[in-house]
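# Analysis of the macromolecular model
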Amino acid sequence: MQETGKIWMNGKLVPFKDAKVHVLTHALHYSTSIFEGIRCYDTPKGSAIFRLPEHMDRFFKSAKLYSMKMQFSKQQVTDAIIETVKASGLKECYIRPLAYYGYGTMGLTPVQNKVDVSIACWEWKMGESKAGKFSGAKCKVSSWIKIDSRSQPMQAKAASNYANAALARMEALDNGYDEAIMLNSSGKVAEGSAENIFVVKDDVIQTPPLSAGGLEGITRDSVIQIIEENGGFVIERDLERDDLYSADEIFMTGTAAEVKSVIQVDKVKIGNGKMGHVTKVLQKSFLDVALGTDERFLPWLTFI
Ligand SMILES: Cc1ncc(COP(=O)(O)O)c(C=O)c1O
């Protein structure tokens, strides 16, 4: 990791290398933290953070689901994000706000501990990677079942959700794939390890409903709105594993991944094994929106 700029910790910008926590921090032991992943784009009109209010809404919703008493308001965290990006000197970056039960009392019950908040940002270019949006990812249907809301609140973007996702990702990589696709306990397609998923069949774009267990992705919502604004539509329906294998195209969406093509699932080639036309068009439309060249979606950008 390139150490760039400063990290905001509970109201102060500290040098990157000094942003440390105590080893008895509650969240380190019991996964009691929530976070966001946000992108700032270098647009022709200056740096702009993509859908910042929506990320802030999800951040505070996640905190609520873990009974966190936030010592900062939504506006204060929003301002702190802008301050941290400015302090980084980066024109484009990935931004990671984090709230966690901190150091104080050890034991399972977190609520006596103060909720600490930090914000870091760094360079994260995804498009060039093997599994990135240009070349297309090879995905493995995971043998790990996606955990669901019967066990913990899955609409919280919580660290505790990601042990399950990391196991799936590691299994995929160990088997020579780039990414995992997770099924839920009913065998329906939920999502990737850190992305939502879409399938194109006979020119119809489909995605699992949120009830299948995927995160309510902000990129997922953006892509659906872009498609609708351009006169198309997306069908939300439960998808079987078969729907993956027989798809003409598959793509995944996420803040880090943006719009990423999937060209293989298990040993099955998707379509002709190359990125499909719908995915290619969407990648371009999404980038136009994120870079502010599509005027219709300018309200989604917070210029800093
Ligand atoms: C499990 C999971 N699903 C989906 C997504 C996509 O969400 P978003 O588009 O808001 O980044 C993410 C990324 O944050 C994720 O971690």
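Turning our eyes to something else, we now look at the layout of surface pockets. Empty space within the largest pocket amounts to approximately 720 Å³. Looking at the largest pocket, it is lined by 40 residues, and the ones nearest its centre are Tyr162, Arg169, Ser193, Ala194 and Glu195. Contributing elements (two or more residues each) for the lining of the largest pocket: strand E6 (93-101), helix H4 (162-174), helix H5 (218-229) and strand E14 (249-254). It is H4 that provides the largest number of residues to the lining of the largest pocket, a total of five residues.

A word on helix H7 (residues 277-290). Given 3.6 residues per helical turn, the α-helix brings residues three or four places apart onto the same face. With 14 residues, H7 should reach 20 Å at 1.5 Å per residue; the first-to-last C-alpha distance of 20 Å fits that figure. Of the positions making up H7, those classed as buried are Val278, Thr279, Leu282, Gln283, Ser285, Phe286, Val289 and Ala290. The positive-phi residue at the C-terminal boundary of H7 is Gly292, with phi of around 75°.

Attention now goes to the packing of aromatic side chains. One pass over the structure, following the stated rule, counts eleven aromatic pairs. Relative to Phe50, the ring of Tyr41 has its centre 6.3 Å away and its plane inclined at 85°; by these criteria the two rings are edge-to-face. Both residues of the pair, Tyr41 and Phe50, count as buried. On the basis of an interplanar angle of 45° and a centroid distance of 5.3 Å, the ring pair of Tyr94 and Trp122 is categorised as tilted.

Turning next to a nonpolar patch on the surface. Judged by side-chain polarity, Val21, Val23, Leu24, Leu28, Tyr30, Tyr103, Met106 and Leu108 come together as a nonpolar surface patch covering roughly 790 Å² of accessible area. Structurally, Tyr103 is set in the loop between E6 and strand E7 (115-122).

With that settled, the discussion passes to the pairing of E14. Counted residue by residue, E14 has six buried out of six residues, so it is predominantly covered. Going residue by residue along E14, you find Glu249, Phe251 and Thr253 tucked away on one face and Ile250, Met252 and Gly254 tucked away on the opposite face as well. Sheet topology places strand E11 (residues 196-201) next to E14; five bridges connect them, and they run antiparallel. Considered in E14, the bridge of Ile197 is made with Met252. Sheet topology note: the E14/strand E15 (residues 258-265) ladder contains five bridges and is antiparallel. Looking across to E15, one finds that Gly254 is bridged to Glu258.

The side chains of a regular strand alternate between the sheet's two faces. Summarising burial for strand E9 (residues 179-183): five of the five residues are buried, a large majority. Burial along E9 is two-sided: Glu179, Ile181 and Leu183 facing one way and Ala180 and Met182 facing the other are all buried. Where strand E8 (residues 137-141) and E9 come together, three bridges link them in parallel fashion. Within the sheet, the bridge partner assigned to Val141 lies in E9 and is Ile181. Following the chain from E8 across H4 to the adjacent parallel E9, one finds a crossover that is right-handed. Across three bridges, E9 lies against strand E10 (residues 189-192) in antiparallel orientation. Along E10, the bridge assignment pairs Ile181 with Gly192. Between E9 and E10, which pair antiparallel one after the other, the connecting turn spans five residues, and Gly187 there sits at a positive phi close to 85°.

For the ligand, the set of nearby residues contains 15 residues, the closest of which are Lys157, Tyr162, Glu191, Thr219 and Thr255. Side-chain polar atom of Lys157 to an oxygen atom of the ligand: 2.6 Å apart, as the coordinates give it. Between the ligand and Ile218, the relevant distance is 2.7 Å, taken from an oxygen atom to a main-chain nitrogen or oxygen of the residue. When isolated, the ligand has an accessible area of 380 Å², and the protein chains bury 95% of it. Structurally, the ligand is housed in the largest pocket. By residue class, the composition of the shell around the ligand is four nonpolar, seven polar and four charged.

The rules behind the values
- Residues numbered from 1 in each chain as written.
- Predicted model: local features only at pLDDT ≥ 70, side-chain atom pairs only at ≥ 80, totals over all residues.
- Heavy atoms only, no water.
- 1 Å grid on protein atoms, 1.4 Å probe; cavity = no way out; pocket = protein on both sides within 12 Å on 5 of 7 lines; lining within 4 Å.
- Points joined across faces, edges and corners; volume = space filled by probe spheres on them.
- Helix = DSSP H or I, 4+ residues; strand = E, 2+ residues; numbered from the N terminus.
- Expected span 1.5 Å × (residues − 1).
- Buried < 20%, exposed > 50% of the residue type's maximum accessible area, 1.4 Å probe, protein only.
- Phe/Tyr/Trp six-rings, centres within 6.5 Å; stacked < 30°, edge-to-face > 60°.
- Patch = residues over 30% accessible without salt bridge, like charges linked within 9 Å, V, L, I, M, F, W, Y side chains within 5 Å.
- Areas by Shrake-Rupley, 256 points an atom, 1.4 Å probe, with all protein chains shown as cover.
- Salt bridge = Lys/Arg side-chain N within 4 Å of Asp/Glu carboxyl O.
- Pairing = 2+ DSSP bridges.
- Right-handed = clockwise from strand over helix to strand, strands pointing away.
- Near = heavy atom within 4 Å.
- Polar contact = N/O pair within 3.5 Å; in protein donor to acceptor, adjacent residues only side chain to side chain.
- Sits in = over half its atoms within 2 Å of the grid points.
- Nonpolar A, V, L, I, M, F, W, Y, C, P; charged D, E, K, R; others polar.

That is the geometry; function is a separate question.
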